[in-house]
Amino acid sequence: MKEATESLNFIEHIVEEDLTAGFPKEKLCFRFPPEPNGYLHIGHAASICLNFGLGEKYGAPVNLRFDDTNPAKEEQEYVDAIKRDIAWLGFKWANECYSSDYFQQLHDWAVQLIHQGKAYVDQQSSEQIAEQKGTPTSPGTNSPYRDRPVAENLDLFERMKKGEFAPGTYLLRAKIDMASPNMHMRDPILYRIIHAHHHRTGDSWCIYPMYDWAHGESDYLEQVSHSFCTLEFKAHRELYDWYLDQIIDPKKLRPKQREFARRNLSFTVMSKRKLLELVQKNVVSGWDDPRMPTISGLRRRGYTPTSIRKFSDVAGISKRDNVTDVSLLEFCLREDLNQSATRVMAVLNPIKVVLQNYPEGQTEILHLENNPEKADTGTHEVPFSRELYIEREDFKEEADSNFFRLTIGQEVRLKSAYIIKAESVIKDAAGNLLEIHCSYDPNSRSGSGTDASQRKVKSTIHWVSVAHAISAEVREYDRLFLDESPDTHESKSYMDFINPNSLKVIKTAFLEPHLGQANPNESYQFQRLGYFTLDPDSKAGQLVFNKTVGLKDNWAKQNAAPTNKQASPAKPVAPAPQEVKSALNEIQYIGKKLTNLSGDKLEDALNDIRKQAEGVSYEELEPLFATASKKVGTRIAVLVALSALLAKGTPKTQAASEFIASCKSDESNTLREEAVKIA
RNA sequence: UGACUGAUGGUGUAACUGGCAACACGUCUGAUUUUGGUUCAGAAGAGUCUAGGUUCGAGCCCUAGUCGGUCAACCA
């Protein structure tokens, strides 16, 4: 039974309001409008999931529109990458559009503006224009060319278009208001001259529309109903609307721009410009470096589309500045991977174990569960022999009782194999550990069903057989920046916070042989270590694995941080004198949680309410009859309490009767049932 | 000294036209576990930026503040 009262985000509220105000549902249309000047990142994913999510929710088309109005920055490579990323996330766009498809229409409308005296050709330098623009606190001044005659504007604009002028010499500007408190309204630029090859229109244009002129009109041409963008465009809305006013046909749909806050992630930066700098300065290996917050980086790292979509869903959408903790993203990732990743064994930091009582030269084939979360995924074979590698961290010669792993004299189980006990160690002259000599219990093989195999030991550790292991490179990643919000410091640049140790390469890790056939698109759980996936750098016989994310590790946590036990002394622990709740409050409190209960628990809660009702008077209860119908729990609680009062002989007032009647026709089954019981 | 915008536990979001702060992550217990994983049960943690006001009742309304963000590219 799914609750119908799923809460909406503010964007969905906007759409819902429009719908209730009479906007036809079949005219809903959304769009995702990236500029093809870089790669998409996790912040874009929020916008993608928002727009395409809306499309799925309302069965409305969502266009993918490339905002390609500046050929100096844009490339086909980015167009391709963006399409790949969106498709990888699992979304389908209704139409693939380009702002450049509308260049002719945009031009014609601009000519129309000139005719109407609403646009003029300026020929000042950018410095002069900037100076005349004023500041946010002081008005601007008019350009000397502002009142150029229409015919002259027409001629000049035509010659701009024909390529008669050099870049920077002429501009087309809208004639609005140089004194507007909104800087964007101070005669914004419509067209500038750029002599550059456009990735789609080639050299057929040398004048290009500015963002504001192109964006709203493109929305209009595509009949996009809701144009959602990030908050920094809020101030552009007035201009967006002004431009629309100039050209709109009232019989057609008028797009509506609304803004939401961009999503920030802790310990990274989220702007194409800054990410580009990391690439250009070789801080990372490229846009798809697994440490990058780009979609392509996350993909290479081993993130799944499901996890990213879940994250966008869970993180939500709002209008305030935010820094979402990466731990939320990682939670979504682990949740998905735990269900899907094949379990394997790999040793990253090996120490050799020799089983003294295991026959030399013998090999056994054991079976390892592919995924304990899914019983039907079967097992795969893993060879076992006398000499094994285990993780160095899994052995200590002696340790306190908190250490569950292998120590001299202490038994552990080798995962899916035997129980072993450490007997002695071999060291070199310098005292470095070389080998651990152990004994194994031949009767303890996993799954053999013997008493010895059922024995409980303090822990189970992973291993690989020395003779059968394959070696591979493993890359482990840490956060790219040492500061939670590296680009929010006034006196420091985000480049000052780069983590010098964000990449750790393990040249030779030992993997169980099953991984020799690892699938590049699959995630593996290296048991007890984390999730890993094959990097594209892999070659036959030279595998490279990326660590996607570690497992939650309580042992490491309690090990690492005995010092910062409780970061802040916080408040005195003395429990505030708990006020005795009134019976009425108690009923309301139980009521609020009622909708989450069922079966016996629900019955118990209802009985609680009946008991509490003894301490409540009818007069206290009556005002609650007006409880909002959405608060079903409270209404049930009130009804049950009322029923208890009536049973006790309280006279039934008209208000009570009306309340009971309204409950009988409520959507909630429980509420209806209780109401019927009274009558 | 401007305009616009925002403020809810450590974090991210909820709370329909005012009805007595919810969900998730994170943290901490305990149980289960052949992964110190998973799962399960539970706990702690905000009284909603401040100060007034309206109201039986305010996170939602009003007034005045405080703090944060955005806006002056021939970028988007």
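Let me sum up the structure you'll find in this document. Since we're looking at a predicted model, the values are computed, not measured.

**A few points about the environment of Y494**
Item 1. Mapped onto the secondary structure, Y494 falls in the loop between β21 (470-477) and β22 (503-511).
Item 2. Considering only alpha carbons, one finds Y494 and D537, 43 residues apart in sequence, at a separation of 29 Å.
Item 3. If near-sequence neighbours (up to four positions away) are discounted, Y494 is found in contact with V269, R273, K274, E277, F481, P486 and D487.

**A few points about the pairing of strand β23 (residues 523-526)**
Item 1. Burial along β23 is two-sided: S523 and Q525 facing one way and Y524 and F526 facing the other are all buried.
Item 2. Alignment of strand β10 (residues 342-344) against β23, held across three bridges, turns out to be parallel. The residue of β23 that forms the bridge with V344 is F526.
Item 3. Hairpin geometry of β23 and strand β24 (residues 530-534) is characterised by an intervening segment of three residues between the two adjacent antiparallel strands and by a positive phi of about 70° at R528.

**Some thoughts on the state of the cysteines**
Item 1. As enumerated under the stated definition, the model contains zero disulfides in all.
Item 2. C29 supplies the cysteine sulfur nearest to C97, a cysteine that is in no disulfide, at a spacing of 8.4 Å.
Item 3. For C97, a relative accessible area of 8% gives the class buried.

**Thoughts on the sheet that holds β23**
Strand pairing in a sheet relies on backbone hydrogen bonds, with the paired strands running either antiparallel or parallel.
Item 1. Pairing within the open sheet is mixed, and its seven strands lie in the order β10-β23-β24-β25-β21-β22-β11. Sheet topology places β10 and β11 (346-347) at the edges, where each strand pairs with a single neighbour.
Item 2. Strands in contact with helix α12 (residues 326-340) are β10, β23, β24 and β25 (544-550); relative to β25, the strand with the most contacts, it is inclined by about 120°.

**Remarks on the environment of P149**
Item 1. Inspection of the secondary structure assignment puts P149 in the loop between α5 (126-132) and α6 (150-162).
Item 2. You can call P149 partly exposed: its relative accessible area is 45%.
Item 3. Through-space distance from the C-alpha of P149 to that of D537 is 63 Å; in sequence the pair is 388 residues apart.

**Description of the sheet that holds strand β12 (residues 350-355)**
Item 1. Spatially, seven strands are ordered β19-β16-β17-β18-β12-β15-β20 in an open sheet, and the strand pairing comes out mixed. At either end of the open sheet lies a strand with only one pairing partner, and these are β19 (460-461) and β20 (463-465).
Item 2. Alignment of β12 against strand β15 (residues 387-391), held across five bridges, turns out to be antiparallel. Each residue of the ladder has a partner; that of I351, found in β15, is I390.

**Let's talk about the nonpolar core**
Item 1. Among the nonpolar cores identified, the biggest contains 43 residues, and F30, I42, I48, I86 and F228 are the most heavily contacted of them.
Item 2. Those elements that place two or more of their residues in this core are α1 (10-20), β1 (30-32), α2 (42-58), β2 (62-66), α3 (76-89), α10 (295-301), α11 (305-315) and α12.
Item 3. A total of eight residues in this core trace back to one element, the largest contributor, which is α2.
Item 4. In this structure I86 touches F32, L40, I48, F52, L64, F91 and W93, once residues within four positions along its chain are discounted.
Item 5. Core analysis: the second largest hydrophobic core is formed by 35 residues, C97, Y102, F157 and Y170 among them.

**Here's the deal with unusual backbone geometry**
Item 1. The residue N282 is not glycine, and still its phi comes out positive at about 60°.
Item 2. Here N282 lies in the loop between α9 (272-280) and α10.
Item 3. For R528, which is not a glycine, the phi torsion comes out positive at approximately 70°.

**Looking at the packing of helix α7 (residues 211-221) against helix α8 (residues 237-247)**
Item 1. As a packed pair, α7 and α8 sit with axes 9 Å apart at the nearest point and diverge in direction by 60°. Looking at the two axes, α7 sits oblique to α8. Here the hand of the crossing between α7 and α8 comes out right-handed. On α8, the residues touching D212, W213, H215, G216, E217, D219 and Y220 of α7 are L239, Y240, Y243, L244 and I247.

**Quick look at the pattern of salt bridges**
Item 1. Applying the stated rule across the entire model yields 38 salt bridges.
Item 2. A salt bridge links K310 to E335, with the nearest nitrogen and oxygen atoms 2.9 Å apart. In this pair, K310 is assigned in helix α11 and E335 in helix α12, connecting sequence segments 25 residues apart.
Item 3. The exposure class assigned to K310 is partly exposed, which follows from its relative accessible area of 28%.
Item 4. Here E335 falls in the partly exposed class, since its relative accessible area comes to 36%.
Item 5. Of the charged contacts in the structure, one is a salt bridge between D535 and R475, with a shortest N-O distance of 3.5 Å. Remark: R475 occurs in strand β21 and D535 occurs in the loop between β24 and β25; sequence separation between them is 60 residues. Grouping residues by exposure puts D535 and R475 together as buried.
Item 6. One network of salt bridges, with partners in common, ties together D288, R300, E473, R475, K507, D535 and D537.

**Describing the packing of aromatic side chains**
For any pair of aromatic rings, the description consists of the separation of the ring centres together with the inter-plane angle of the planes.
Item 1. A complete count under the given rule lists 23 aromatic pairs for this structure.
Item 2. An aromatic cluster is present here, built from Y358, F384, Y418, Y440 and W463 joined pairwise through their rings.
Item 3. Here the basic side chain of R299 rests over the ring of W88, its NZ or CZ set 5.1 Å away from the ring centre.
Item 4. Just above the ring of F267 sits the side chain of R479; from NZ or CZ to the centre is 3.8 Å.

**What about α2?**
Along an α-helix, a turn takes 3.6 residues, which lines up residues three or four apart on a common side.
Item 1. For α2, built from 17 residues, the straight-helix expectation of 24 Å at 1.5 Å per residue is met to within 8% by its first-to-last C-alpha distance of 24 Å.
Item 2. Burial within α2 is extensive, with 14 of its 17 residues counted as buried.
Item 3. One or two steps after α2, the chain reaches G59, where phi turns positive at roughly 60°.

**What about the side chain of R301?**
Item 1. If you trace the backbone, R301 turns up in helix α10.
Item 2. The buried charged residue R301 lacks any salt bridge, with E330 as its nearest oppositely charged partner at 5.2 Å.
Item 3. Setting aside its immediate chain neighbours within four residues, R301 contacts P290, R291, Y477, T533, N546, K547 and T548.

Here is what the cut-offs are and how they apply
- Residues numbered from 1 in each chain as written.
- Chains lettered and ligands numbered in written order.
- Predicted model: local features only at pLDDT ≥ 70, side-chain atom pairs only at ≥ 80, totals over all residues.
- Heavy atoms only, no water.
- Helix = DSSP H or I, 4+ residues; strand = E, 2+ residues; numbered from the N terminus.
- Contact = heavy atoms within 4.5 Å.
- Buried < 20%, exposed > 50% of the residue type's maximum accessible area, 1.4 Å probe, protein only.
- Pairing = 2+ DSSP bridges.
- Disulfide = S-S within 2.5 Å.
- Axes fitted to C-alpha atoms, helices over the stretch in contact; angles between N-to-C directions.
- Core = buried A, V, L, I, M, F, W, Y, C linked by side-chain atoms within 4.5 Å.
- Parallel < 35°, antiparallel > 145°, perpendicular 65-115°, else oblique.
- Left-handed = near helix turned anticlockwise from the far one by under 90°.
- Salt bridge = Lys/Arg side-chain N within 4 Å of Asp/Glu carboxyl O.
- Phe/Tyr/Trp six-rings, centres within 6.5 Å; stacked < 30°, edge-to-face > 60°.
- Lys NZ or Arg CZ within 6 Å of the ring centre and 35° of its normal.
- Expected span 1.5 Å × (residues − 1).
- Lys, Arg positive; Asp, Glu negative; His and termini not counted.

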